[in-house]
Amino acid sequence: MKRLLFALLLVAGPASAEDEMRVILDWFVNPNHGPIIIAEENGYFEDAGLAVEVIAPADPSLPAKLVAAGEADLAISYQQQIHLDVHEGLPIIRVGTLIATPLNCLLVLADGPVQSLSDLKGRSIGFSVAGVDEAIIKVLLDQAGLTLDDVEMVNVNWSLAPSLMSRQVDAVIGAARNFQPNQMSIDGIEGRCFYLEEEGFPAYDELIYVAKSDAIDKDKISRFLGATERATQFIINNPDRAFEIFAQTSPELDDELNKRAWADTLARFAARPAAVDMGRYAAYEKFMADAGLVENVRPASDFAIDVTAE
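Computed from a prediction, not measured in an experiment: that's the story for all the values here. (Residues numbered from 1 in each chain as written. Predicted model: local features only at pLDDT ≥ 70, side-chain atom pairs only at ≥ 80, totals over all residues. Heavy atoms only, no water.)

(A) Up close: empty space enclosed by the protein. Throughout the structure, instances matching the rule amount to 2 cavities of 30 Å³ or more. The volume enclosed by the largest cavity comes to roughly 70 Å³. Among the elements of the structure, α5 (79-87), α6 (132-143) and α12 (278-290) are those that each provide at least two residues to the lining of the largest cavity. For the lining of the largest cavity, the per-class residue count stands at 9 nonpolar, 1 polar and no charged. Taken as a whole, the second largest cavity holds about 40 Å³ of empty space. Lining the second largest cavity, in full, are Pro35, Thr97, Leu98, Tyr209, Thr228, Thr232, Phe269, Ala270 and Pro273. Contributing elements (two or more residues each) for the lining of the second largest cavity: β4 (92-99) and α9 (218-237). (1 Å grid on protein atoms, 1.4 Å probe; cavity = no way out; pocket = protein on both sides within 12 Å on 5 of 7 lines; lining within 4 Å. Points joined across faces, edges and corners; volume = space filled by probe spheres on them. Helix = DSSP H or I, 4+ residues; strand = E, 2+ residues; numbered from the N terminus. Nonpolar A, V, L, I, M, F, W, Y, C, P; charged D, E, K, R; others polar.)

(B) Representation of the pattern of salt bridges in the model. Summed over all chains, the structure comprises 12 salt bridges. For the salt bridge of arginine 223 with aspartate 19, the shortest nitrogen-to-oxygen distance reads 2.6 Å. Taken together, the residues span a long stretch of sequence, with arginine 223 in helix α9 and aspartate 19 in strand β1 (residues 19-24) at a distance of 204 residues. On the basis of relative accessibility, which here comes to 6%, the residue arginine 223 falls in the buried class. Linking aspartate 73 and lysine 220 is a salt bridge whose minimum nitrogen-to-oxygen distance equals 3.5 Å. Placement of aspartate 73 in the loop between α4 (63-68) and β3 (74-78) and of lysine 220 in helix α9 is noted, with a sequence separation of 147 residues between them. (Salt bridge = Lys/Arg side-chain N within 4 Å of Asp/Glu carboxyl O. Buried < 20%, exposed > 50% of the residue type's maximum accessible area, 1.4 Å probe, protein only.)

(C) Expanded view of α6. Taking 1.5 Å as the rise per residue, α6 with 12 residues should run 16 Å; its terminal C-alpha atoms sit 17 Å apart, in good agreement. Regarding α6, the residues found buried are Val132, Asp133, Ala135, Ile136, Ile137, Val139, Leu140 and Leu141. Contact partners of the buried residues in α6: α5, β5 (104-109), β6 (124-127), β7 (152-155), β8 (171-176) and α12. (Expected span 1.5 Å × (residues − 1). Contact = heavy atoms within 4.5 Å.)

(D) View of helix α11 (residues 256-265). Along α11, the residues classified as buried are Leu257, Asn258, Ala261, Trp262 and Thr265. Down the axis of α11, the buried set is contained in an arc of 130°. They therefore lie on one face. The inward-facing, buried residues of α11 contact α2 (34-41), β4, α8 (180-186), α9 and α10 (239-247). (Arc of directions from axis to C-beta.)

(E) Structural view of the environment of glutamate 41. Here glutamate 41 is to be found in helix α2. In this structure the C-alpha to C-alpha distance between glutamate 41 and valine 172, which are 131 residues apart in sequence, comes to 35 Å. Among residues more than four places away in sequence, those in contact with glutamate 41 are Ile245 and Thr249.

(F) Highlighting the environment of phenylalanine 224. Structurally, phenylalanine 224 can be placed in helix α9. Separated by 185 residues in sequence, phenylalanine 224 and alanine 39 have C-alpha atoms that sit 9.0 Å apart. Once residues within four sequence positions are removed from consideration, phenylalanine 224 is found in contact with Met21, Val23, Ile36, Phe45, Leu50, Val52, Leu74 and Tyr209.

(G) Focus on the pairing of β4. The buried fraction of β4 is high, at 8 of 8 residues. Here 6 bridges tie β4 to strand β10 (residues 207-212), and the two strands are oriented antiparallel to one another. What sits directly across from isoleucine 99, in β10, is leucine 207. (Pairing = 2+ DSSP bridges.)

(H) Spatial organisation of the environment of aspartate 142. If you trace the backbone, aspartate 142 turns up in helix α6. A relative accessible area of 55% places aspartate 142 in the exposed class. It is 27 Å that separates the C-alpha atoms of aspartate 142 and isoleucine 208, two residues lying 66 residues apart in sequence.

Written out as structure tokens, the structure is:
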């Protein structure tokens, strides 16, 4: 009854008929964005009094910066990244969660030369995001008693799975466990993930919504998150129908790769996108400082808020 009441209030109580929002994705549309696409297609944004413009960035390093510059209401970013961004003075803050578990992994060939982290010595590792990926590798190598001097870092410019399958590199960091392993499997090559949370990293939220920290419209963002929560519930209850709706929005989404990735993403969507575990952000901030990735420990409230809290 409480959930039904919430849904009715969401329909009945928007501040205006059509409040416009601009939301910048982290990358091109893919199954990670399921709740946003389903909320649009099922009319949940309209029910919430929102007209949402979803933008795929030309450069995936720009979304958070564009929000900080006031060019959009929300952007999708990463918990790992926001710790670095805030320390560098970027005026952004987490206001919601899209993917509530880690997706990033170190991906290798299942039958390749890297069977343990210590096997990375003398090997090449592909990456896409300078700074962040190298910092992650630094921590992983430390678990095996190695340093960055023991490996060759190769910028593969987002061509993660292809560079690994062609043996251009021996491993790649930044691979999404719901996407690149499926991409490889479809091509007849099996991969193996080293999961960060099993290799010394604390658990974290992979994809988050960030807003400009000094210009937060809590009412509008709350309604956006309420609509995506409804969409997540629909996806979980109707996974096959939800994929049909998702795939019909663009021809390139209706393929085997996206269908497999969709199935592997269902359990990772944030069931309560507005809710925030401040202890998780505090623990990750301490981890970043202990690993030498940031200079000092800042309070969790510098990185995340619950916009629905009074």
